[in-house]
Amino acid sequence: MVDPVKKPDLNEQELRAQEEAQRATLGQHLKIVDDWIANMQDPVLGPVGAAFRAASARIIHHEGLDFGMSPSAVYHSFRYPAAPGQTSFSNDVLYGTEALDSRERLLGARTHEFIHALQYDTAAALHADPFNEASDIIVSPYDYILRKERLEQDAYVKGAWLCSLAVDDAPGVVAAMKGTPLPIDTFQDIRAKSGSLQEAFTAAARDTRNLLGTWRKNAPPSVIADEWHARALEEYARIIKMRLDAGDKLTFVRLAGEDILEIGDAFGPNTFGSNAADPTLTVIENLSPENAKKLAEINALLGIADRDRLPALDDALQAKGVTRAAYLDISKKHVGPARNDSSNSPAVEGSTAFNPSAPRPPAP
Ligand SMILES: [Zn+2]
């Protein structure tokens, strides 16, 4: 007779053994991917792989597997609320088991997520985040959407650039990255036609927005930027309700050109150029009617009638008497306080996925 108690234990053991084996595989694959990265040589800039490796090793403290995750990879930014003694800045990269199927795909996922980590290490705008309990300065809903678009543009452009430098070592990476918002061969074509790498980045960033796909069940095909905007709005609506329910007094701010340039400055040439006064930096080019409607609803809920009249992030920091550097430092070190309420609602996490978990988009 089968013992009904022991059977789950056995399954549990088998599961653990399988997870151990998958972790070991990830470790082996990451070693190879790391060698590919270390070897990357840009024809103009030289040994950028070594620089990328050094910059990311300094800031990323954890890479692991998430066994229940469908995207290839996710960068976790902040957790809300932070448990007592735990930093609210998560700053880790997790891979889905799908990323174990191909080392070339792991290279694509890793470079993309590491760019996100470098952005969050550098840009004050990314810490003015509703998921970050260390900050009561929060970007407005419009700026949250804008920020999402810019940080994805930057990560896809620089990910494609870095992967293009690994093609000799890992020729399969070109096929592995087909169907992503910026395939490697598309980036190579754009670079070949551009006067400089920086010019290529700016052109490629525009291209990245326009990948057509069916991102949600029963939805018509649309550009991926629409999906970034929709996800940003959903995240924002969910977390801002939690912040307001917690009684947090929030200052909503708008981003300026300098904030966007800071996002593009995390590694390599700046994807967004060098002119902080360029008005297009802070304009969302196409907002779908559905997303515009959702944005108006959230703005109404928060009493934001005119985003242009909000203080700029820089004004809000100055009003508090903190420099950008100090603001970033305080935010990264913040840990959750001891809480005496016994509510143990699970924390929610701000994150950016490499492969949107929508029903079968064109696979990155
Ligand atoms: Zn991303």
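Preceding this section is the structure that the text describes.
Just so it is clear, the model here is predicted, and its values are computed rather than measured. Residues take numbers from 1 onward in each chain, read along the sequence in its written order. pLDDT decides what is reported in this predicted model: residues at 70 or higher carry local features, side-chain atom pairs at 80 or more are listed and counted, and totals for whole chains, interfaces and linings draw on all residues regardless.

Only buried Ala, Val, Leu, Ile, Met, Phe, Trp, Tyr and Cys residues enter a nonpolar core, and they are joined through C-beta atoms within 7 Å. Burial is judged by counting the other C-beta atoms within 10 Å of a residue's own C-beta: 20 or more makes it buried, 12 or fewer makes it exposed, and any count in between marks it as partly exposed, with every C-beta position built from the backbone. Residues Ala 125, Ala 160 and Ala 204 are the most contacted members of the largest nonpolar core, which totals 84 residues. The helix and strand labels rest on DSSP assignments: H or I over at least four residues marks a helix, E over at least two residues marks a strand, and numbering proceeds from the N terminus. Looking at this core element by element, the count peaks at 12 residues for helix α4 (residues 141–164). What counts as a contact here is a pair of residues whose C-beta atoms, placed from the backbone, lie within 7 Å. Ignoring sequence-local partners within four residues, the contact set of Ala 204 consists of Val 157, Ala 160, Leu 182, Phe 187 and Ile 190.

Bringing unusual backbone geometry into the picture now. The amide bond that connects Tyr 80 to the next residue, Pro 81, takes the cis arrangement and shows omega of -10 degrees. A positive phi angle is found at Asn 91, which is not glycine, with a value near 50 degrees. Mapped onto the elements of the fold, Asn 91 is located in strand β3 (residues 89–96). Owing to 18 C-beta atoms within 10 Å, Asn 91 belongs among the partly exposed residues under this scheme. Notably, Asn 218 is not glycine yet its phi reads approximately 65 degrees, a positive angle. Residue placement: Asn 218 occurs in the loop between β5 (212–213) and β6 (222–223).

Relative to the elements of secondary structure, Arg 324 occurs in helix α12 (residues 324–333). Once the C-alpha coordinates of Arg 324 and Val 44 are considered, the two residues, 280 residues apart in sequence, prove to be 32 Å apart. Leave out the neighbours within four places in its chain, and Arg 324 touches Ala 124 and Leu 317.

Taken by themselves, the reported measurements are silent on function.
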